[in-house]
Amino acid sequence: MMLKVGLVGLGFMGSSHLSMYMRLMKEGFPIELVAICDVNEEKREGKLTAGNIDISDKSIDFTQFNFYTDMEEMIANEELDYVDLCLPTFIHAPYAVKAMEKGLHVFCEKPMAISTQACQEMIDASKKH
């Protein structure tokens, strides 16, 4: 079974996850990154965020992915198995809950959320949906 992924956020950590998805797909793992979402339109051109390690792969052809600036639009238009959230911590909970309400699994970068209340909202949504 092929897992279809939507990556949300192309900051430093999202760029790192992108690099790993590219490697997994190249090595034949049953995973397909089909869509990327980032509020910054420049990311569509492959302008990734640099960090303390070099994770930018200059050979990535971004035209192979559907690019969105709105996660809800991405979820509505793509057939995904899960979303990979690489967003600022303070918006993990609302984005995770939105994705779970649409029946998607969520892989969330750490830390889970900004407060125990936000974490509980995510846990409750996972149980409900």
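Everything below is about the structure printed above this text.
**Quick word on the overall build of the protein**
Next, step 1: In terms of regular secondary structure, the protein is built from four helices and five strands.
Next, step 2: Reading the helices (α) and strands (β) of the protein from amino to carboxyl end gives β-α-β-β-α-β-α-β-α.
Next, step 3: Considering the protein as a whole, with its 129 residues, one finds that 42% of them fall into the buried category.
Next, step 4: Across the protein, every contact between residues at least 6 apart in sequence was considered, and the portion connecting residues at least 24 apart equals 69%.
Next, step 5: Accessible surface for the protein amounts to roughly 7,600 Å². Of this, 52% is attributable to carbon and sulfur atoms.

**Some details on the packing of aromatic side chains**
Next, step 1: The tally for this structure, following the rule as stated, stands at one aromatic pair.
Next, step 2: Positioned above the aromatic ring of Tyr95 is the side chain of Lys98, whose terminal nitrogen or guanidinium carbon lies 5.1 Å from the ring centre.

**Thoughts on the layout of surface pockets**
Next, step 1: Reported here for the largest pocket is a volume of approximately 350 Å³.
Next, step 2: Among the residues forming the lining of the largest pocket, the class breakdown is 13 nonpolar, six polar and six charged.
Next, step 3: The calculated volume of the second largest pocket comes to roughly 170 Å³.
Next, step 4: Around the second largest pocket sit Ala96, Met100, Gly103, Leu104, His105, Val106, Cys108, Met112, Met122, Ala125, Ser126 and His129, which together line it.
Next, step 5: Of all elements in the fold, only helix H3 (92–101), strand S5 (105–108) and helix H4 (116–128) reach the threshold of two or more residues within the lining of the second largest pocket.
Next, step 6: Considering only residue class, the lining of the second largest pocket consists of eight nonpolar, four polar and no charged.

**Considerations on the nonpolar core**
Next, step 1: Core analysis: the largest hydrophobic core is formed by 23 residues, its most contacted members being Val8, Met71, Met74, Val83 and Leu85.
Next, step 2: Taken together, the elements giving at least two residues each to this core come down to strand S2 (31–37), helix H2 (71–77), strand S4 (82–85), H3 and H4.
Next, step 3: With sequence-adjacent residues up to four places away left out, Val83 is seen in contact with Gly6, Val8, Met74, Ile75, Ala99, Leu104, His105, Val106 and Phe107.
Next, step 4: Ranked by size, the runner-up nonpolar core spans 15 residues in total, among them Leu10, Phe65, Phe67 and Cys86.

Analysis parameters
Residues numbered from 1 in each chain as written. Predicted model: local features only at pLDDT ≥ 70, side-chain atom pairs only at ≥ 80, totals over all residues. Heavy atoms only, no water. Helix = DSSP H or I, 4+ residues; strand = E, 2+ residues; numbered from the N terminus. Buried < 20%, exposed > 50% of the residue type's maximum accessible area, 1.4 Å probe, protein only. Contact = heavy atoms within 4.5 Å. Areas by Shrake-Rupley, 256 points an atom, 1.4 Å probe, with all protein chains shown as cover. Phe/Tyr/Trp six-rings, centres within 6.5 Å; stacked < 30°, edge-to-face > 60°. Lys NZ or Arg CZ within 6 Å of the ring centre and 35° of its normal. 1 Å grid on protein atoms, 1.4 Å probe; cavity = no way out; pocket = protein on both sides within 12 Å on 5 of 7 lines; lining within 4 Å. Points joined across faces, edges and corners; volume = space filled by probe spheres on them. Nonpolar A, V, L, I, M, F, W, Y, C, P; charged D, E, K, R; others polar. Core = buried A, V, L, I, M, F, W, Y, C linked by side-chain atoms within 4.5 Å.

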